Amino acid sequence: MSESSLKAAIARLLPARFRRATSVVPVVRLSGTIGAVTPLRPGMSLAGVGKLLDKAFATKNAKAVALVVNSPGGSPVQSRQIYLRIRQLAAEKKLPVFVFVEDVAASGGYMIACAGDEIFVDPSSIVGSIGVVGGTFGFQELIKKIGVERRLYTAGEHKATLDPFLPENPDDVARLKSLQREIHAIFIGLVKESRGARLKGPEDELFTGAYWAGEKSVAFGLVDAIGDLRSVLRARYGDEVKTPVIAQPTGMLSNLFGRKSSSGAQLELGALADLPDQIVTTLETRALWSRYGF
């Protein structure tokens, strides 16, 4: 028997009042597209994960908080709000935050990951995509072919910006790109503030929207090391460390009273009327994941 195993066996025989308190590191999963909130396809939002984060940071005897991130991105607003809530709680409770990336922490997913004091990845994790993307469709030729006449009435010069049933307007595109540059600058500033001197990659490569696998993301300083939750936390806090998962309530009672989604939106029969929107959201979500090969 090893020395550590012997100590652990002796500790279990001692009365509880004489034992050293077991280290606790609560775990919160932050998974899915961000901000794509619909009743049938709930996305990640501050409204959905805020209480989970509050509960994790309030856990008795917590030595740190672990976040498991698996997200291809989404809403920059929701991403930043979740990031801010994590950093606020970490400062209030004076607890370090460890982030463990699963398949993807890209775009808004990486923004959330930056809330960690340390970020760990699998060698095959996808990290990065520090950029802003937006898109629409152009149906003006299609409606001509099928004999549909577009009738649109607005008050406000730019109210019909990027309408998919009108020809593309260069002024609209220029305005959109200007907005994207502003959001991109905010994203870059957040990454620089969070990662600081650990960033090693050239800026003209880091902030182009490109993404990399685990080892390269370590070399660029986007993350800190290759590692998994169990191994890292045991190395830091001992083999007896407890890692309770903080999750949404489940079970018969929660189903009986109408369990809410992670977005806080309750599924109702009326949601079936929004089925076309659900289909579009599903396709957009699928496209967001497929951008990274998933």
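Further up the page is the structure itself.
Described in the following lines is the structure provided in the data block. (Residues numbered from 1 in each chain as written. Predicted model: local features only at pLDDT ≥ 70, side-chain atom pairs only at ≥ 80, totals over all residues. Heavy atoms only, no water.)

**Overview of the overall build of the protein**
Basically, it comes down to this: The helix count covers DSSP runs of H or I at least four residues long, the strand count covers runs of E at least two residues long, and both are numbered beginning at the N terminus. Burial classes follow relative accessibility: with a 1.4 Å probe on protein chains only, a residue under 20% of its type's maximum area counts as buried, one over 50% as exposed, and anything between as partly exposed. Only heavy atoms enter the contact rule, under which two residues are in contact if any of them lie within 4.5 Å. Here, Shrake-Rupley sampling with a 1.4 Å probe gives the accessible areas, and only protein chains in the shown set may cover a residue.
Counting its regular elements, the protein contains 11 helices and seven strands. Every one of the 294 residues in the protein was classed for burial, and the buried ones make up 36%. Sequence separation of at least 24 residues holds for 72% of the intrachain contacts in the protein that already meet a minimum separation of 6. When the accessible surface of the protein is summed, it comes to about 17,200 Å², and 56% of that surface belongs to carbon and sulfur atoms.

**Let's talk about the pattern of salt bridges**
Formally: Salt bridge, as applied in this entry: a Lys or Arg side-chain nitrogen positioned within 4 Å of an Asp or Glu carboxyl oxygen.
The tally for this structure, following the rule as stated, stands at seven salt bridges. In this structure, Arg 29 engages Glu 102 in a salt bridge whose closest nitrogen and oxygen atoms are separated by 2.8 Å. In this pair, Arg 29 is assigned in strand β1 (residues 27-31) and Glu 102 in strand β3 (residues 97-106), connecting sequence segments 73 residues apart. Note that Asp 224 and Arg 195 form a salt bridge whose closest N and O atoms lie 3.0 Å from each other. Highlighted residues: Asp 224 in the loop between α8 (214-219) and β7 (225-226) and Arg 195 in helix α6 (residues 170-195), separated in sequence by 29 residues. Shared partners join several salt bridges into a network, and the residues in it are Arg 195, Arg 198 and Asp 224.

**Looking at the packing of aromatic side chains**
Here is the rule we go by: Centres within 6.5 Å are what make two rings of Phe, Tyr or Trp a pair, Trp counting through its six-membered ring; a difference in plane orientation under 30 degrees is then read as stacked, over 60 as edge-to-face, and the rest as tilted.
For the structure shown, the criterion picks out four aromatic pairs. Geometrically, the ring pair formed by Phe 98 and Phe 120 is tilted, given 6.5 Å between the ring centres and 55 degrees between the ring planes. Taken together, the positions of Phe 98 in strand β3 and Phe 120 in strand β4 (residues 118-121) put the pair 22 residues apart, joining distant regions of the chain. In this structure, Phe 98 and Phe 120 share a single accessibility class: buried. Through successive ring pairs, a cluster of aromatic residues spans Phe 98, Phe 100, Phe 120 and Tyr 237.

**Observations concerning helix α3 (residues 76-93)**
This is how it is decided: Expected span, for any helix, means 1.5 Å times one less than how many residues it has. The directions considered for the arc run from the helix axis to the C-beta atoms. Two N or O atoms form a polar contact when they lie within 3.5 Å of each other; inside protein one atom must be a possible hydrogen donor and the other a possible acceptor, and for residues adjacent in sequence the pair counts only when both atoms belong to side chains.
Along its 18 residues, α3 runs 26 Å from first to last C-alpha, staying within 8% of the 26 Å computed at 1.5 Å per residue. Along α3, the residues that are buried comprise Ser 79, Ile 82, Tyr 83, Ile 86, Leu 89 and Ala 90. The buried residues of α3 occupy an angular sector of 135 degrees when projected down its axis, which confines them to one face. For α3, exposure combined with an orientation more than 90 degrees from the buried face picks out Ala 91 and Glu 92. Of the residues flanking the start of α3, the one acting as N-cap is Ser 75, its side-chain oxygen 3.3 Å from the backbone nitrogen of Val 77. Looking one or two residues past α3, Lys 94 carries a phi angle of roughly 55 degrees, positive in sign.

**Comments concerning the nonpolar core**
For clarity, the cut-off: Only buried residues count toward a nonpolar core. Its members are Ala, Val, Leu, Ile, Met, Phe, Trp, Tyr and Cys residues joined through side-chain atoms within 4.5 Å.
One finds Leu 30, Leu 67, Ile 86, Tyr 110 and Leu 222 to be the most contacted residues of the largest nonpolar core, which totals 46 residues. Secondary-structure elements contributing two or more residues to this core are β1, α2 (46-57), β2 (65-71), α3, β3, α4 (108-113), β4 and α6. Per-element tally for this core: the top contributor is α2, with six residues. Beyond its immediate stretch of four places on either side in the chain, Leu 67 contacts Val 28, Leu 30, Leu 53, Ile 86, Val 97, Phe 98, Val 99 and Phe 100. Ala 64, Phe 100, Val 232 and Leu 233 belong to the second-largest nonpolar core, a separate cluster that totals 12 residues.

**Focus: the pairing of β3**
For clarity, the cut-off: For a crossover, the right-handed case is the one in which the path from the first strand over the helix to the second runs clockwise, viewed with the strands pointing away from the viewer. By this definition, two strands are paired if DSSP reports at least two bridges between them.
β3 sits mainly inside the fold: eight of its 10 residues count as buried. In the classification by handedness, the crossover that spans β2, the intervening α3 and the parallel β3 is right-handed. Of the strand pairs in this sheet, β3 and β4 are connected by three bridges, and their pairing is parallel. For Phe 100, the partnering residue across the bridge sits in β4 and is Phe 120. Assessed by its sense of winding, the connection that carries the chain from β3 through α4 to β4 is right-handed. Examined bridge by bridge, β3 and strand β5 (residues 126-128) share three bridges and lie parallel to one another. Bridging from a neighbouring strand, Val 104 pairs with Ile 126 of β5.

**Digging into the environment of Asp 117**
Mapped onto the elements, Asp 117 comes out in the loop between α4 and β4. The exposure class of Asp 117 is partly exposed, given its relative accessible area of 30%. Between the C-alpha atoms of Asp 117 and Ala 90, which are 27 residues apart in sequence, the distance is 9.5 Å. Excluding its chain neighbours within four sequence positions, the residues that come into contact with Asp 117 are Arg 87, Leu 95, Pro 96, Val 97, Arg 198 and Asp 224. At 3.4 Å, the side chain of Asp 117 forms a polar contact with the side chain of Arg 87.

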